[in-house]
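Okay, here's what each chain looks like letter by letter:
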Amino acid sequence: MSHPTPDAAGSLTVSLTDRTAYSYWTRDHVRFQDLDRLGHVNNVAFAVYCETGRVDFAEATCPGSTAGTGIGWTIVRLLIDFRAQAHYPGDVMIGTRVLKLGTSSCRIGQGLFMDDVCFATADSVMVWTDVAAGRSVPLPDPLRVAMQVYL
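Since the structure is predicted, the reported quantities are computational estimates derived from the model, not experimental observations.

**Q** Please set out the state of the cysteines residue by residue, giving values where relevant.
**A** In total, this model carries 0 disulfides according to the counting rule given. Cys62 provides the cysteine sulfur closest to Cys106, a residue in no disulfide bond, and the two sulfurs are 12 Å apart. Just so you know, Cys118 is unpaired, no disulfide at all, and the nearest cysteine sulfur is the one on Cys50, 10.0 Å from it. Given the relative accessible area of 12%, Cys118 is considered buried.

Here it is as structure tokens:
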């Protein structure tokens, strides 16, 4: 098992391609509509799989936080590294973990796996947002505690 270490910015350095780096998992499946004209999973579908895992994770740590009203998560950054081809049919296992907790944000890492092969990794930043005011607000202590479990 890889042991994460903080980098100079305080973020955890882990191999997002390593299944053991994740303790939170979400399952999705490849749909026929996810394919490009060459029969590979299209790059847009990779972002959808990340969203599936990210929203499931956000709801597990703070139910209602992705409703789009009141105070909740807003994604402000999504970087995807395409590492291998994925094909139809198949199940996608999405590992999600916290890389860094900020004052009002959370950086998460994700790995997309099919048959134990990591075909993509993602690095995202979500900001805790007051939707009506249109601005970030500090993470509440109970949410911070819930997310630290996945650091």
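Okay, back to it.
**Q** Would you mind going over the environment of Ala120 in detail, with residue names and values included?
**A** On the secondary structure map, Ala120 appears in strand S7 (residues 117-130). Residue Ala120 is classed as buried on the basis of its relative accessible area, which comes to 0%. A sequence separation of 27 residues divides Ala120 from Met147, and the C-alpha atoms of the two residues are 23 Å apart.

**Q** Outline the packing of aromatic side chains, supporting the account with residue identities and numerical values.
**A** What the rule picks out here adds up to 11 aromatic pairs. Aromatic pair Tyr22 and Trp25: ring centres 5.6 Å apart, planes at 70 degrees, arrangement edge-to-face. Under the relative-accessibility criterion, Trp25 is labelled partly exposed at 26%. Consider the rings of Tyr24 and Tyr150, whose centres lie 5.7 Å apart with planes at 90 degrees: the pair is edge-to-face.

**Q** How would you summarise the pattern of salt bridges if you had to cite specific residues and measurements?
**A** Tallying each qualifying case throughout the model produces 7 salt bridges. Its salt-bridge partner being Asp28, residue Arg31 comes within 2.8 Å of it at the nearest N-O pair. Residue classification places Asp28 among the buried positions, given a relative accessible area of 6%. With a closest N to O distance of 2.6 Å, Asp123 and Arg107 form a salt bridge. Of this pair, Asp123 sits in strand S7 while Arg107 is found in strand S6 (residues 105-114), placing the two residues 16 residues apart along the sequence. Classification of Asp123 by relative accessible area gives buried; the value is 12%. Where salt bridges share partners, they join Asp28, Arg31 and Asp34 into one cluster.

**Q** Lay out the nonpolar core in plain terms, naming residues and giving numbers.
**A** Counting 15 residues, the largest nonpolar core has Val41, Phe46, Tyr49, Val92, Leu112 and Phe119 as its most contacted members. Secondary-structure elements contributing two or more residues to this core are helix H1 (43-61), strand S5 (91-101), S6 and S7. With 4 residues, the top contributor of residues to this core is H1. Those residues within four positions of Phe46 in sequence are excluded, and the remaining contacts are Val41, Ile80, Phe82, Ala84, Leu112, Phe119 and Ala120. One finds Tyr24, Ala58, Cys106 and Val137 within the second-largest nonpolar core, a separate group that totals 14 residues.

About the criteria used
- Residues numbered from 1 in each chain as written.
- Predicted model: local features only at pLDDT ≥ 70, side-chain atom pairs only at ≥ 80, totals over all residues.
- Heavy atoms only, no water.
- Disulfide = S-S within 2.5 Å.
- Buried < 20%, exposed > 50% of the residue type's maximum accessible area, 1.4 Å probe, protein only.
- Helix = DSSP H or I, 4+ residues; strand = E, 2+ residues; numbered from the N terminus.
- Phe/Tyr/Trp six-rings, centres within 6.5 Å; stacked < 30°, edge-to-face > 60°.
- Salt bridge = Lys/Arg side-chain N within 4 Å of Asp/Glu carboxyl O.
- Core = buried A, V, L, I, M, F, W, Y, C linked by side-chain atoms within 4.5 Å.
- Contact = heavy atoms within 4.5 Å.

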